[in-house]
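Letter by letter, the chains look like this.
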Amino acid sequence: MSQRDRETEGSAQPTQIDNETKAKPNSNFSGFNHYGDHKPLYGIRGIRKYWFKLWGGRPPGPLLLFLGILTAIIMGVPLLYVVVRSFSAGAERWMNILDERIPGLLWNTLSLTVMVTVFAVILGVSLAWIVHRTDLPFKKAWQWLLALPLVIPPYIGAAVYIIILGPVGWASEFWGEGGALEGWFGGYPIDIYSFGGVFFVLTLFTFPYVFLITMASLRKMNRNYEEVARSQGLTTSQIFWKVNVPFLRPAIGAGAILVALYVLADFGAIAILRYTTFTAAIYYQIGSFDNLSATVLSVILIAITLVVLWLEGKTRKKNAYYQTSNSYKEPEALRLGKWKIPAILYVFTVFFLSVLVPILVLIYWTYIGIGEGAIDSDFWEYTWNSIRVAGYAAVACMLLAIPVIYLKYRYPSPITSVIEKLSYSGYALPGVIVALAIIFIFNEHIPWLYNTHYLIAFAFVIRFLPQAMQSGEASLSLVSPRIDEAARSLGHPPWKVMFKVVLPSIRPGILAGGALVFVSAIKELPATLLLRPPGFDTLAVRIWYETNESFYHYAAPAALVIILISLIPLRFLLKKY
């Protein structure tokens, strides 16, 4: 090997390998033997060379890599286990399910997902446009108020609208016998227990995903492009469709995928409103102890989720639009003129239905519940149980997220990419599928932990670890790698650099991610229903049971507590978006 080749090869390797190469000029470090044959080197030296090449000459420490791999296994094994178990169901069971149940479930699930996604996008984009780009009064206040539906779980919204629009709800006094509007519509005009009811509730409480992300994009949009379009004679509506919408497509796509994944995974609102999709069917199969059929349905739902993610990825690649101008100008507010009153009514109606109505109904029933003794020692026990398991999950997610995001940003490689993808896999899975996998694994292989509340926290970690990772990544991306290099040059191993040097810099992002996990976990229903041990109830579980029994004065206080706790990370979300 020439001197130049040795210098080039050694420049990408650590010092000890470079010294070894200089000491043995005829060594087989390059991967060929000393006779010049193109024969690959096997053994420890060859493995070592390949290992360094895999990490770009700078592999992580064994402890850091072990923590990352352990996290990936924890996140990925439940998904793999469900898929493997589904194949033990047998061809006959697969065919029976495919022939009898799948067509109806597919139609229910896909039609609901498409309709909710489309209308959530329409609501979110239109509201973001009106609030940010027009001279709507009290714009700053509306940005906060229209984000509030995000902290109201859809199953709470479903319970509220059952109270109002159910067969014996408040509205029945007007439509029913002796009511002021009796006979006006040939009977009771609204059936909340229908596709329309589920569609209404889910759309009302998922549109903020689109609203927040679209608002973030609108804040970054440059006025220069609109001015050029206007100079070419385009009207305001033409500018919107030909200039603004192309720039908003990534934001619209991101919001739409969040809504679609939520609808695919939702169980609470769907079950309370007695509508059957894949998640509800899986839950009922487990309830009837037909776990193999549940795994078959789970695999099909996982396949649908992957198809949705694939389609969104393809669409995003084909529709890439960039702003190249360096002279940023904030867009001017459009005058609503004669449309100001309709715009105010539109914005207020959405806020009224998605925030004011639920809050007022819950306060009313909470007042009744307090008089009936709903807030007793049992209530505080449910509250403590919810805080406890959500707290376990939040702490675990913060700890597990740190090595994964550190590996991703400081040690990129194919191995790191696999670890990251597996760590995100739980976020695309409904809670009912995660619970099913945990039931299989712990019941058969770790029975001493089965029927303990720790399994609930474990399910929350699988479901919500990506939230902690996303928040931590946002902080780590702002920390220069030179800080790590300086610490390494002083002899600190990678794990010590991560915990002693980097962690203090990204602590706010990690804590914010933990808060998001806590709030998401305290609202999670299906995993808690399936995994809770006997006698262990949470606020979400009590809302579920009390609502099904029409004991609204017992469900309302628990719902209000969840909403109040969920307000904690709202400031972080609005600051981010």
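- As recorded in an unreviewed UniProt entry, the protein chain goes by the name Iron(III) transport system permease protein, listed as coming from Geomicrobium halophilum.

**Some points on the overall build of the protein chain**
- Along the backbone of the protein chain there are 26 helices and zero strands.
- Across the 577 residues in the protein chain, those meeting the buried criterion constitute 52%.
- Within the protein chain, contacts between residues at least 6 apart in sequence are counted, and of these 81% link residues at least 24 apart.

**Considering the packing of aromatic side chains**
- Per the counting criterion, the structure on display carries 21 aromatic pairs.
- Consider the rings of Phe379 and Trp380, whose centres lie 5.1 Å apart with planes at 80 degrees: the pair is edge-to-face.
- With relative accessibility at 52%, the residue Trp380 sits in the exposed group.
- Each member of the aromatic cluster is reached from another via a ring pair, and the members are Phe119, Phe195, Phe199 and Tyr275.
- The ring of Tyr193 is capped by Arg274, whose NZ or CZ atom sits 4.1 Å from the centre of that ring.

**Points about unusual backbone geometry**
- With a phi close to 60 degrees, Arg274 is a non-glycine residue in the positive phi region.
- Locating Arg274 in the fold gives a position in the loop between helix 13 (268-272) and helix 14 (278-287).
- The residue Ser550 is not glycine, and still its phi comes out positive at about 65 degrees.
- On the basis of relative accessibility, which here comes to 45%, the residue Ser550 falls in the partly exposed class.

**Describing the packing of helix 24 (residues 539-548) against helix 25 (residues 552-566)**
- Contact geometry of helix 24 with helix 25 gives a least axis separation of 8 Å together with a crossing angle of 150 degrees. By the angle class used here, helix 24 and helix 25 are roughly antiparallel. Taken as a pair, helix 24 and helix 25 cross one another with a handedness that is left-handed. Contact residues: helix 24 offers Leu539, Ala540, Ile543, Glu546 and Thr547, while helix 25 offers Tyr552, Tyr554, Ala555, Ala558, Ala559, Val561 and Ile562.
- Grouping the amino acids of the contact of helix 24 with helix 25 by side-chain chemistry returns ten nonpolar, one polar and one charged.

**Some details on the nonpolar core**
- Membership of the largest hydrophobic core comes to 163 residues, with the highest contact counts inside it found for Leu112, Ile156, Tyr161 and Phe211.
- At 14 residues, helix 17 (residues 377-410) tops the list of elements feeding residues into this core.
- Here Phe211 is in contact with Gly124, Leu127, Ala128, Val131, Trp142, Gln143, Leu146 and Ala147, once residues within four sequence places are set aside.

**Examining the packing of helix 6 (residues 102-133) against helix 16 (residues 340-371)**
- Packing of helix 6 against helix 16 brings their axes to within 11 Å, and their N-to-C directions diverge by 130 degrees. Judged on the interaxial angle alone, helix 16 and helix 6 are oblique. When the axes of helix 6 and helix 16 are compared, the crossing they make is left-handed. When helix 6 is examined against helix 16, the residues Ile122, Leu123, Ser126, Leu127 and Ile130 are found in contact with a partner set consisting of Ala343, Tyr346, Val347 and Val350.

**Thoughts on a nonpolar patch on the surface**
- A surface patch of nonpolar side chains, about 410 Å² in accessible area, is lined by Val114, Met115, Val118, Phe119 and Ile122.
- Relative to the assigned elements, Met115 resides in helix 6.
- You can call Met115 partly exposed: its relative accessible area is 32%.

**Some points on the environment of Ile419**
- Considering the arrangement of structural elements, one finds Ile419 in helix 18 (residues 414-424).
- For Ile419, a relative accessible area of 4% puts it in the buried group.
- Along the chain, Ile419 and Ile69 lie 350 residues apart, while their C-alpha atoms are 6.3 Å from each other.

Cut-offs and rules
Residues numbered from 1 in each chain as written. Predicted model: local features only at pLDDT ≥ 70, side-chain atom pairs only at ≥ 80, totals over all residues. Heavy atoms only, no water. Helix = DSSP H or I, 4+ residues; strand = E, 2+ residues; numbered from the N terminus. Buried < 20%, exposed > 50% of the residue type's maximum accessible area, 1.4 Å probe, protein only. Contact = heavy atoms within 4.5 Å. Phe/Tyr/Trp six-rings, centres within 6.5 Å; stacked < 30°, edge-to-face > 60°. Lys NZ or Arg CZ within 6 Å of the ring centre and 35° of its normal. Axes fitted to C-alpha atoms, helices over the stretch in contact; angles between N-to-C directions. Parallel < 35°, antiparallel > 145°, perpendicular 65-115°, else oblique. Left-handed = near helix turned anticlockwise from the far one by under 90°. Nonpolar A, V, L, I, M, F, W, Y, C, P; charged D, E, K, R; others polar. Core = buried A, V, L, I, M, F, W, Y, C linked by side-chain atoms within 4.5 Å. Patch = residues over 30% accessible without salt bridge, like charges linked within 9 Å, V, L, I, M, F, W, Y side chains within 5 Å. Areas by Shrake-Rupley, 256 points an atom, 1.4 Å probe, with all protein chains shown as cover. Salt bridge = Lys/Arg side-chain N within 4 Å of Asp/Glu carboxyl O.

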